[in-house]
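# Examining the three-dimensional arrangement
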Amino acid sequence: MGTILQSVTKTFGILTAGGDCPGLNAAIRGVCRAAHDRYDMTIIGIANGYRGLIDGNYRFLKPQDFWGILTRGGTILGASREKPFKASRGEYDNELGGDKVAAIKENYRKLHLDCLVVLGGNGTNTTGYLLSREGLNVVGLPKTIDNDIVGTDRTFGFYSALAIATEAIDRLHSTAQSHNRIMVIELMGHKAGWLALYAGVAGGGDVILIPEIPYDINAIGRHLVKRVQSGKGFSIVVVSEGALSIEEARMEKKERKKYREQTVAPSIGYRVAREIEQEMGMETKATVLGYVQRGGIPSASDRVLATSLGTAAADLLARGEYGRMVALIGNEMGSVDLSVPEGKIKTVPVDHYMIDTAISVGTCMGI
Ligand code: F6P
């Protein structure tokens, strides 16, 4: 055991919220081992994201709780998508008069927390920021497979999901080629196309559709016909779950929802597959990779990033630097004000080099 250093923070709560991802436990381990071993802090694990803080569902974490979890998928604390500020006042029924935020503030006080560490995506860090404006000390830690958090150059979870998606695309290549089929694979990413763009390049996708570039089905059809004419009877189409056609991009949200309800397809991947089949007359199959992208053990790079962000968060706690989100900035561990990610989504800039890279190797971006 090394020398115990001085710390402003004596007791903190830690929670994980939003979609889980590989690396979350590595990050928890990073925060807790540094906080316990280097700064002798008391750690309270809060169950199931903000829901646990509302309900007072917590436990004191001991070293054996956060040892040996580096390679474990998911989160030992559990997660939820509870959004305390979303509920109208009075909706939540508890002894504090039905106010989720009041319940959080009351439990924060009851637990004598000096700070709350929140590991999550856009929504989680936004809630953290809003709680800091209510007077709580909060430190945020970015995580998501979507890589869509403003303020950090990368989020852990992304590279693990990228490896999973790339392997899936590799496998689709062989079956597409065997049957001269067009294979459409739908990937996660919420409203940003990072995962589809990077996995499409890594997996050699012939078409990559991302939300940032609304697609023209005719342009896709022309590209696939050219491939057939060059003797390639199969193609791989990588579609981000948030992708949309140029027609849909022109619609208001409500109109788009109504339009999509009229189509029988359960999601964009199936819609694109059907549109291609109708346009091209080629046999087209759709695969929605779904939650496997969020499961399993973290990649080495995600373990390193998660651990580094975790120990950086412990250092912020020790220095009493609250209201910040730790971040990868360039190649350095840094932090930004919690207001930076608040309410924002980091989408793929249309001039991002990876789009040009894809086009340079003959990929159709749907236009
Ligand atoms: O934010 C991570 C993510 O996996 C997104 O890519 C996806 O759209 C969403 O979570 C799914 O949310 P849920 O787990 O609530 O179904």
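A word on helix H8 (residues 217–229). Compared with an ideal rise of 1.5 Å per residue, which puts 13 residues at 18 Å, H8 spans 18 Å between its outermost C-alpha atoms and is within 8% of the ideal. Of all the positions in H8, only Ile217, Ala219, Ile220, Gly221, His223, Leu224 and Arg227 are classed as buried. Looking at the buried side of H8, the elements it contacts are strand S6 (182–187), strand S7 (207–209), strand S8 (235–240) and helix H11 (268–280). The backbone nitrogen of Asn218 has a side-chain oxygen 2.8 Å away, supplied by the residue at the start of H8, namely Asp216. With its phi angle positive at about 90°, Gly231 sits one or two positions after the end of H8.

Turning our eyes to something else, we now look at the domain arrangement of the protein. Domain annotation of the protein identifies domain 1 (11–157 + 298–337) and domain 2 (163–294). On a C-alpha basis, the centroid separation for the pair domain 1 and domain 2 is 35 Å. Tallying the contact residues gives nine residues for domain 1 and eight residues for domain 2. Summing the contributions of domain 1 and of domain 2, the shared interface buries around 730 Å²; its carbon and sulfur component is 52%. It is Asp20, Ile145 and Asp146 that lose the most area in domain 1 upon contact with domain 2, and together they represent 59% of the buried surface on that side. Inspection of the domain 1/domain 2 interface yields one salt bridge. For Arg294, the salt bridge identified is with Asp20, shortest N-O distance 2.8 Å. The interface formed by domain 1 and domain 2 holds one residue pair in polar contact (both at pLDDT 80 or more) in total.

Now for the site of the ligand. Near the ligand the following residues occur: Arg81, Thr144, Ile145, Asp146, Met188, Gly189, His190, Glu241, Tyr291 and Arg294. The contact in question runs from an oxygen atom of the ligand to an N or O atom on the side chain of Asp146, over 2.7 Å. The contact in question runs from an oxygen atom of the ligand to an N or O atom on the side chain of Arg294, over 2.8 Å. Contact with the protein chains hides 74% of the accessible area of the ligand, taken as 400 Å² for the molecule alone. For the shell around the ligand, the per-class residue count stands at three nonpolar, three polar and four charged. A domain split of the shell around the ligand shows at least three residues from each of domain 1 (11–157 + 298–337) and domain 2 (163–294).

Rules used throughout
Residues numbered from 1 in each chain as written. Predicted model: local features only at pLDDT ≥ 70, side-chain atom pairs only at ≥ 80, totals over all residues. Heavy atoms only, no water. Helix = DSSP H or I, 4+ residues; strand = E, 2+ residues; numbered from the N terminus. Expected span 1.5 Å × (residues − 1). Buried < 20%, exposed > 50% of the residue type's maximum accessible area, 1.4 Å probe, protein only. Contact = heavy atoms within 4.5 Å. Polar contact = N/O pair within 3.5 Å; in protein donor to acceptor, adjacent residues only side chain to side chain. Domains from an automatic or database assignment. Buried area = accessible area lost by both parts, 1.4 Å probe. Salt bridge = Lys/Arg side-chain N within 4 Å of Asp/Glu carboxyl O. Near = heavy atom within 4 Å. Areas by Shrake-Rupley, 256 points an atom, 1.4 Å probe, with all protein chains shown as cover. Nonpolar A, V, L, I, M, F, W, Y, C, P; charged D, E, K, R; others polar.

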